[in-house]
Amino acid sequence: MIRCPVELLKKIFNLMLLASLFLVINLEAGQWQIPDSITTMPGGSKLPYREKDGVKEFHLIAEPVKKEMGPGFFVDAWGYNGSTPGPVIEATEGDTVRIFVTNKLPEPTTIHWHGIKVPSGMDGVTGLSQKPIMPGETYKYEFTLDQWGTYMYHPHYDEMTQIALGMAGFFVIHPKSFRGSQPDRDFLIMLGEWAIPPGSSKPIPSEMVNFNYFTFNSTVWPTTPSLSIKTGEKVRIRFGNLSMNSHPIHVHGTVFRETSNGVERFNFDAQFEDVTVNVPVGSVREIEFTMDQAGDWAIHCHKSHHIMNGMGHQTYSLIDLKLDSAEMDKARKLIPGFMLMGSKGMGEMFSHEMHSMPRPKNFMHYGTPGPFGTIEMSGMFTVMKVRDNPEDDKGGWYQNPPGTVASPASKEEIEGLLEE
Amino acid sequence: MIRCPVELLKKIFNLMLLASLFLVINLEAGQWQIPDSITTMPGGSKLPYREKDGVKEFHLIAEPVKKEMGPGFFVDAWGYNGSTPGPVIEATEGDTVRIFVTNKLPEPTTIHWHGIKVPSGMDGVTGLSQKPIMPGETYKYEFTLDQWGTYMYHPHYDEMTQIALGMAGFFVIHPKSFRGSQPDRDFLIMLGEWAIPPGSSKPIPSEMVNFNYFTFNSTVWPTTPSLSIKTGEKVRIRFGNLSMNSHPIHVHGTVFRETSNGVERFNFDAQFEDVTVNVPVGSVREIEFTMDQAGDWAIHCHKSHHIMNGMGHQTYSLIDLKLDSAEMDKARKLIPGFMLMGSKGMGEMFSHEMHSMPRPKNFMHYGTPGPFGTIEMSGMFTVMKVRDNPEDDKGGWYQNPPGTVASPASKEEIEGLLEE
Amino acid sequence: MIRCPVELLKKIFNLMLLASLFLVINLEAGQWQIPDSITTMPGGSKLPYREKDGVKEFHLIAEPVKKEMGPGFFVDAWGYNGSTPGPVIEATEGDTVRIFVTNKLPEPTTIHWHGIKVPSGMDGVTGLSQKPIMPGETYKYEFTLDQWGTYMYHPHYDEMTQIALGMAGFFVIHPKSFRGSQPDRDFLIMLGEWAIPPGSSKPIPSEMVNFNYFTFNSTVWPTTPSLSIKTGEKVRIRFGNLSMNSHPIHVHGTVFRETSNGVERFNFDAQFEDVTVNVPVGSVREIEFTMDQAGDWAIHCHKSHHIMNGMGHQTYSLIDLKLDSAEMDKARKLIPGFMLMGSKGMGEMFSHEMHSMPRPKNFMHYGTPGPFGTIEMSGMFTVMKVRDNPEDDKGGWYQNPPGTVASPASKEEIEGLLEE
Ligand SMILES: [Cu+2]
Ligand SMILES: [Cu+2]
Ligand SMILES: [Cu+2]
Ligand SMILES: [Cu+2]
Ligand SMILES: [Cu+2]
Ligand SMILES: [Cu+2]
Ligand SMILES: [Cu+2]
Ligand SMILES: [Cu+2]
Ligand SMILES: [Cu+2]
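Reading the values: rules and limits
For every chain, the first residue of its written sequence is number 1, and the numbers climb from 1 along that sequence. Here the convention is simple: chains get letters from A, ligands get numbers from 1, in the order in which they are written. Since the coordinates come from a predicted model, pLDDT governs what is reported: local features require at least 70, and pairs of side-chain atoms require 80 or more to be given and counted, while whole-chain, interface and lining totals use all residues. Computation of side-chain values: all heavy atoms of the structure, hydrogens and water removed. Secondary structure elements follow DSSP: runs of H or I no shorter than four residues count as helices, runs of E no shorter than two count as strands, and numbering proceeds from the N terminus. Buried, partly exposed and exposed residues are distinguished by accessible area as a fraction of the type maximum, computed with a 1.4 Å probe on protein chains only: under 20%, between the cut-offs, and over 50%, respectively. All accessibility values rest on the Shrake-Rupley procedure with a 1.4 Å probe; residue burial counts only the protein chains present in the view. Metal donors were taken as nitrogen, oxygen and sulfur atoms no farther than 2.8 Å from the ion, or 3.2 Å where the ion is Na, K or Ca. Water is excluded, so coordination may look unfinished. Copy-to-copy superposition: least squares on the C-alpha atoms, limited to residues that have pLDDT of at least 70 in both copies. By the convention used here, residues are in contact when the closest approach between their heavy atoms is within 4.5 Å. Summed over both partners, the accessible area (1.4 Å probe) lost when two parts come together is defined as the buried area. Here, a salt bridge means any Lys or Arg side-chain nitrogen found within 4 Å of an Asp or Glu carboxyl oxygen. Pairs of N or O atoms are called polar contacts if they sit within 3.5 Å, as long as, within protein, a hydrogen donor faces a hydrogen acceptor (for residues adjacent in sequence, only side-chain-to-side-chain pairs). Gly is put with the polar residues, along with every residue not named as nonpolar or charged; the nonpolar set is Ala, Val, Leu, Ile, Met, Phe, Trp, Tyr, Cys and Pro, and the charged set is Asp, Glu, Lys and Arg. One requirement defines pairing of two strands: DSSP has to find at least two bridges between them. Comment: axis = line fitted to C-alpha atoms, over the contacting stretch for helices; angle = value between 0 and 180 degrees taken between N-to-C directions. The criterion for an aromatic pair is that two Phe, Tyr or Trp rings (for Trp, the six-membered ring) have centres within 6.5 Å, with stacked assigned to planes under 30 degrees apart, edge-to-face to planes over 60 apart and tilted to the rest. Charge-over-ring placement is defined geometrically: NZ (Lys) or CZ (Arg) within 6 Å of the ring centre, and within 35 degrees of the ring normal.

Enquirer: What am I meant to see in the overall build of chain A here?
Expert: For chain A, the count of helices and strands is 5 helices and 24 strands. Relative to its full complement of 420 residues, chain A shows a buried share of 64%. Carbon and sulfur atoms form 54% of the exposed surface of chain A, whose accessible area is close to 14700 Å².

Set out below in structure tokens:
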């Protein structure tokens, strides 16, 4: 279930196979190729392009997507070219790009190139900049990139529905010439929020505040791949947020520098060090750090409900109810969306007896086996697997040096401890 | 419905007429005049003042206000001097101001001068700094301004109710001497959130999370005037936020600099460039930019629900329900606040058949005619009309140069496109 | 009810008494002592430590806590060593610390040292870094501090429940040598949100958006002590936030500098002046200012609902209902959680007739007597009592110089005022 580097390599290989397939299909019309850079979207892909008369051509297809958001948990999302988030568009400062957009959705759409300076008529706002792209139509956008940074693309027609269903992607513009030292790893993570009723596979686009699934690149842990990093490598993560809330992403095991908002690389004096980066809506935040300590390091949203899935919000306080008691049964019948919350806290939810209780269909279990028992987090959560020699590791868990794991204190050690 | 520059000029003229009226009325007691500056609150007004013994006197009247929030949509708000937000108070660093506050509300009130250093007894906190101003009473505040920037005023009695109903205003203190180049346009926008039940005109002040109207200066688009700007002009927008949530304001067509929080003009190195400015609660954010591209450029909150009106939040997912079907009828009966959401997304809501469906009274329609069909946004949304010659434009839509509008691709162009 | 400096001194004395008690109890095993610094958590305490083989030993006990959140309002919280937030851990850059954690909760727990660089196995993430600490067990954490700043500790097992119930604390690491001038006062304030049904003492940990109690160090005003400050003193306040929302803290009576995020002291040029500091989730924000004006100065969250307690959110708009009318009675019966909201706004809630109405048990009244009548705020609110001679003040209210309190205007003054 957990993606190891080997699986990642397989994935990359498959992608290359797919790309070469395009080469064959489209031989006459120009060669489709995958942009070549270290920039990657974990769990996602890049949009192929072809050169034509000095212009980079791309083809986005807006369409419904069956997305495996968590293990065995499939969601009826909308996206681009079979995926949500849409594939990463990569180009270089100075490029002229021509982007064809085919609408295979049941309603109109358009695309706004969030943060990119384009002519007024290429700006994608339905009714204001252009006509809606009707189902079945293919529109053409064309503009020259005279800026660089991390931008996004998303619909500007019925955006409430279309963004809520997964339509969003990164648009990375590399600078013509890199200044300063470059990172060894460059990850893209799009933050997402979803309201999916228990047992359903259909997100509710009209929901504004009560979300129950929180995603990195439209997946929850452990479907979200872990990030494989070699000790000493310089890492950049670029977060994009088109959801309804700020997400404060906390990074374990290091202190990072907040280096950019995607639009401008901050002056060094204004690059704050921090351990949590708050990513506001409609914004990008980039962080950079060097992992100098091997280990399994969590990275997650710090809103505690955002590292859980499928929570109901009409749940009564059951802290003092006895599990399997008559009150519990009664509660289960009375409370809509009653979530089998344990009587002593949520931890019990992961116990065997809880797991054997009836649950709604297409409801995501969670609790993933880890090196020290169950990892009870999901949602906006993943693990950076930092290793001195990642190639030796085979994607397994970190082997802690002796004496460096929190463990029960000995009888001697607890002697004379502070009493309450 | 859409305010053009001509209408704006009319408005300014009316305001001047009103001001001259005051001059006549108050001739004996000092001349009331409108502060003279390029600073304007689109859709709003400025508070007149008179000089008396070297002091600038102002008069704020706290009172209920019937506010046209959207076209034909009237709200029972509270505000100052007949408007919400209250009129802008403008003064200059070094001024001594005397502000009379008359309470014409059905409950007590006070005013806090948010961010301005005043004596403890002038700070406006009911019970702590002063007695409440009872209905019918007129209180006097007096202090000297030894700072400059963008500040706010609002009640500090029952603030939950009074701010939620619209009681808030800007207090702009100009510096004694301007440093550096000044903007050509200087707009003030107060962000607001309202919970108004369908069919009602009364905002619910106790609502904390489920708002359904989101406003710039207490209006939604298209009642909110568009901003007329000449290409090459330097524009400043100052946003104030006294609502319950951060609002990330996204600006199309330019990259801006975030220059100030109202209290301090940021050191140039700390003036980040960005395309979305997140305005936290209780805060001001100022952005500056030069519009170098003519066009119709949207400016709006990027929380997608905040550019819609009157949404219910108990709406089921109707993506797969067929419009006008029996299920739809059933849903309409069963679901309180059912919002006629289309079966294929919200877009359908703007179709003719949807418009002919029964709606609650005093419910705001939206969908405004634009140059390319319906503009389906409202709420915290407006348009910057940037023109090379605004005077020739007469407030109409932008005339795009040939070949610069996204449009259907030709048969030849789509040949050999990437297939899914 | 309101804590005066005398009471604070008493508290400190009691704490010292308690500390000396520990000295007696633990004489054989090393002397437990309270860290010696000006850093204080108003309403809270510090964790004692003992030196052993050059290591600083601490003992945290995770356990249920009966917390007096407001006057007579007791909450069944969880915390450490009898308190929520847990006692402040203080150490110095370069220290090796050994922290014993005893679990007296009814479910497992662990501790994550938020922001502190530790070996992977000491990072506290259940299942990933270590096994859960089962009820009754005592675990040992050990690491060396090679950084300084304001950090936090909290569970990383069932964090949704455990943090929501109050398990959080500060971990302050002082620099080996202080650079620059130090503040005279150094306050720690942990921000909290709670969902406690009317009449209940049990917070609902599954609540994600509809909180009704908002706390500084797990108390609401006036249980939260006021801050006693001498005019001219340099004050630092460090805010920590492990709740579900950003809290924009507004400070009256001064303009502060935002100097740090706990991890890095900002370069002076990047230390913005402001009057409201937005504290994101999972984050620390430090502000510094010199109070140059004596007075009673409010400091509070600027989300207006966060300075109220016990609000229901199904409350109808009663602005036009007549109090004690038949509609009111009907409303009271029909509306769950109906909050006795006044017919003219919330202010009426504080009137005598309202106070005599039936209320649920264990429901917090509010409205505190102040120098000018009732202070109607509570929640995330307290007062900085800034005095030229605090020792003369005895904790009373500020004595305003004549003519500096907002008061009714005279007949002559209101002559010729602007009419509406
Ligand atoms: Cu956007
Ligand atoms: Cu989050
Ligand atoms: Cu963590
Ligand atoms: Cu304020
Ligand atoms: Cu907004
Ligand atoms: Cu937009
Ligand atoms: Cu944390
Ligand atoms: Cu708050
Ligand atoms: Cu205040």
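Read on for the rest.
Enquirer: Would you explain the coordination of the copper ion (ligand 9) in this entry?
Expert: By definition of the ideal shapes, four donors in a tetrahedron about a metal sit 109.5 degrees apart, and six donors in an octahedron sit 90 or 180 degrees apart. With distances of 2.0 Å, the protein atoms coordinating the copper ion (ligand 9) are His156 of chain B (NE2), His252 of chain C (NE2) and His300 of chain C (NE2). Between the copper ion (ligand 9) and the copper ion (ligand 4) there is a metal-metal distance of 5.0 Å. Here the residue His252 of chain C occupies a position in the loop between strand E15 (247–251) and strand E16 (256–260), and His300 of chain C occupies one in strand E20 (residues 295–301), the gap between them amounting to 48 residues.

Enquirer: In this structure, what is going on with the relation of the copies chain C and chain B? I would like to understand it.
Expert: Of the transformation placing chain C onto chain B, the axial shift is 0.0 Å and the rotation is 120°, giving an RMSD of 0.0 Å. Considering both components of the superposition, the chain copies are consistent with a three-fold axis. When C-alpha positions in chain C are compared against the rotation axis, the closest is assigned to Ala270 of chain C, at 3.5 Å. The overlap is low: 1% of the interface residues of chain C also sit at the interface in chain B, so different surfaces are used on the two sides.

Enquirer: Is there a simple way to explain the interface of chain B and chain A in this structure?
Expert: At the interface, 74 residues of chain B touch 70 residues of chain A. Carbon and sulfur atoms make up 60% of the area that chain B and chain A hide from each other, which totals about 5900 Å². Scanning the region where chain B abuts chain A turns up 3 salt bridges. The closest approach of N and O atoms between Asp274 of chain B and Arg285 of chain A, which form a salt bridge, is 3.9 Å. Where chain B meets chain A, there are 25 residue pairs in polar contact (both at pLDDT 80 or more). Where the side of chain B that touches chain A is concerned, the elements lending two or more residues are strand E15 (247–251), strand E17 (273–274), strand E18 (276–279), strand E20 (295–301), strand E22 (373–375) and strand E24 (407–408) of chain B. With 5 residues, the single largest contributor to the side of chain B that touches chain A is E20 of chain B. Within the side of chain B that touches chain A, the residues separate by chemical class into 30 nonpolar, 29 polar and 15 charged. Where strand E8 (residues 138–144) of chain A meets E24 of chain B, 2 bridges bridge the pair, whose relative direction is antiparallel.

Enquirer: How should I be thinking about the sheet that holds E20 of chain C in this particular structure?
Expert: Sheets are built from strands that pair by backbone hydrogen bonding, the pairs being arranged parallel or antiparallel. Residue and element names in this part refer to chain C. Spatially, E13-E23-E20-E15-E18 is the arrangement adopted by the 5 strands of the open sheet, whose pairing is mixed. Edge positions in the sheet fall to strand E13 (227–230) and strand E18 (276–279), since each of these pairs with one other strand and no more. Across this sheet, the average inter-strand angle for adjacent strands is 20°, counted without regard to direction. As defined by bridge partners, E15 adjoins E20 across 3 bridges and the pair is classed as antiparallel. The residue bridging His250 from the neighbouring strand is His300, located in E20.

Enquirer: Honestly, the interface of chain C and chain B in this entry has me stumped. Any pointers?
Expert: Quite often, the size of an interface is put as the accessible area lost when its parts meet. Tallying the contact residues gives 74 residues for chain C and 69 residues for chain B. In total, about 5900 Å² of surface goes out of reach between chain C and chain B, with carbon and sulfur atoms giving 60% of it. Where chain C meets chain B, there are 3 salt bridges. The partner of Lys140 of chain B in a salt bridge is Glu413 of chain C, and the shortest N-O contact between them spans 2.7 Å. Applying the counting rule to chain C against chain B returns 25 residue pairs in polar contact (both at pLDDT 80 or more). The set of elements that each furnish at least two residues to the side of chain C that touches chain B consists of E15, strand E17 (273–274), E18, E20, strand E22 (373–375) and strand E24 (407–408) of chain C. Among the elements that line the side of chain C that touches chain B, the one with the most residues is E20 of chain C, at 5 residues.

Enquirer: What exactly am I supposed to notice about the coordination of the copper ion (ligand 3) here?
Expert: Coordination of the copper ion (ligand 3) by the protein involves His252 of chain A (NE2), His300 of chain A (NE2) and His156 of chain C (NE2), with metal-donor separations of 2.0 Å. The metal-metal distance between the copper ion (ligand 3) and the copper ion (ligand 7) is 5.0 Å. Of this pair, His252 of chain A sits in the loop between strand E15 (247–251) and strand E16 (256–260) while His156 of chain C is found in the loop between strand E9 (149–154) and helix H2 (159–164), placing the two residues in two different chains. The pair formed by His252 of chain A and His156 of chain C is uniform in burial state, with each residue classed as buried.

Enquirer: Looking at this structure, how should I read the pattern of salt bridges?
Expert: Working definition: two side chains of opposite charge can pair if their charged atoms are close together. Residues and elements named next belong to chain A. For the coordinates displayed, the defined rule picks out 60 salt bridges over all chains. Close ionic contact of Lys66 with Asp76 constitutes a salt bridge, the shortest N to O distance being 2.9 Å. Of this pair, Lys66 sits in strand E3 (residues 55–70) while Asp76 is found in strand E4 (residues 73–80), placing the two residues 10 residues apart along the sequence. Each of Asp186, Arg236, Arg238, Arg265, Glu286 and Glu288 takes part in salt bridges that share partners, so that together they form one network.

Enquirer: Sorry if this is basic, but what is going on with the relation of the copies chain B and chain A here?
Expert: For these two chain copies, the linking operation is a rotation about an axis paired with a shift along it. Note on the identical chains: chain B maps onto chain A by a rotation of 120° and an axial translation of 0.0 Å, with an RMSD of 0.0 Å. The fraction of interface residues of chain B whose copies in chain A are also interface residues is only 1%, indicating that the copies meet through different surfaces.

Enquirer: What should I look at first to understand the sheet that holds strand E10 (residues 169–174) of chain B in this one?
Expert: Residues and elements named next belong to chain B. Reading across the sheet, the 4 strands line up as E5-E10-E9-E7 and stay open at both edges, with mixed pairing between neighbours. With one partner strand each, in any of the chains shown, strand E5 (89–92) and strand E7 (112–114) form the two edges of the open sheet. With direction set aside, neighbouring strand axes in the sheet form an average angle of 25°. Relative to E10, strand E9 (residues 149–154) runs antiparallel, the two being bridged by 5 bridges. From the neighbouring strand, Tyr153 faces E10, where its bridge partner is Gly169.

Enquirer: I tried to follow the environment of Val75 of chain B on my own but got confused; where do I start?
Expert: Here Val75 of chain B lies in strand E4 (residues 73–80). Residue contacts for Val75 of chain B: discarding those within four places in its chain leaves Val65, Lys66, Lys67, Met69, Trp194, Ile196, Ser201 and Pro203 of chain B.

Enquirer: Is there a simple way to explain the environment of Gly149 of chain B in this structure?
Expert: Residues and elements named next belong to chain B. Relative to the helices and strands, Gly149 resides in strand E9. For Gly149 and Pro175, which are 26 residues apart along the polypeptide, the C-alpha to C-alpha distance reads 7.4 Å. Filtering out sequence-adjacent residues up to four positions away, Gly149 remains in contact with Phe171, Val172, Ile173, Arg238 and Gly262.

Enquirer: Whenever I open this one, the side chain of His305 of chain B confuses me. Can you help?
Expert: Mapping His305 of chain B onto the fold places it in the loop between E20 and helix H3 (326–334). Only 3.0 Å separates the side chain of His305 of chain B from the backbone oxygen of Glu207 of chain A, close enough to count as a polar contact.

Enquirer: In this structure, what is going on with the packing of aromatic side chains? I would like to understand it.
Expert: Each aromatic ring pair is specified by the distance between its two centres and by the angle formed by the two planes. The tally for this structure, following the rule as stated, stands at 27 aromatic pairs over all chains. Taken together, a centroid distance of 5.6 Å and an interplanar angle of 50° make the contact between Trp113 of chain B and Phe143 of chain B tilted. Pair noted here: Trp113 of chain B is in strand E7 and Phe143 of chain B is in strand E8 (residues 138–144), with a separation of 30 residues, a long-range link. The same class applies to Trp113 of chain B and to Phe143 of chain B, which are both buried. Ring centres of Tyr80 of chain C and Tyr153 of chain C lie 5.2 Å apart, and the angle between their planes is 65°; this geometry places the pair in the edge-to-face category. Of this pair, Tyr80 of chain C sits in strand E4 (residues 73–80) while Tyr153 of chain C sits in strand E9, and the two are 73 residues apart along the sequence. For the pair Tyr80 of chain C and Tyr153 of chain C, one class covers both residues: buried. Through a chain of ring-to-ring contacts, three or more aromatic side chains come together here, namely Tyr80, Trp113, Tyr141, Phe143, Tyr153 and Phe171 of chain A. Between Lys385 of chain B and the ring centre of Trp397 of chain B, over which it is positioned, the NZ or CZ distance is 4.4 Å.

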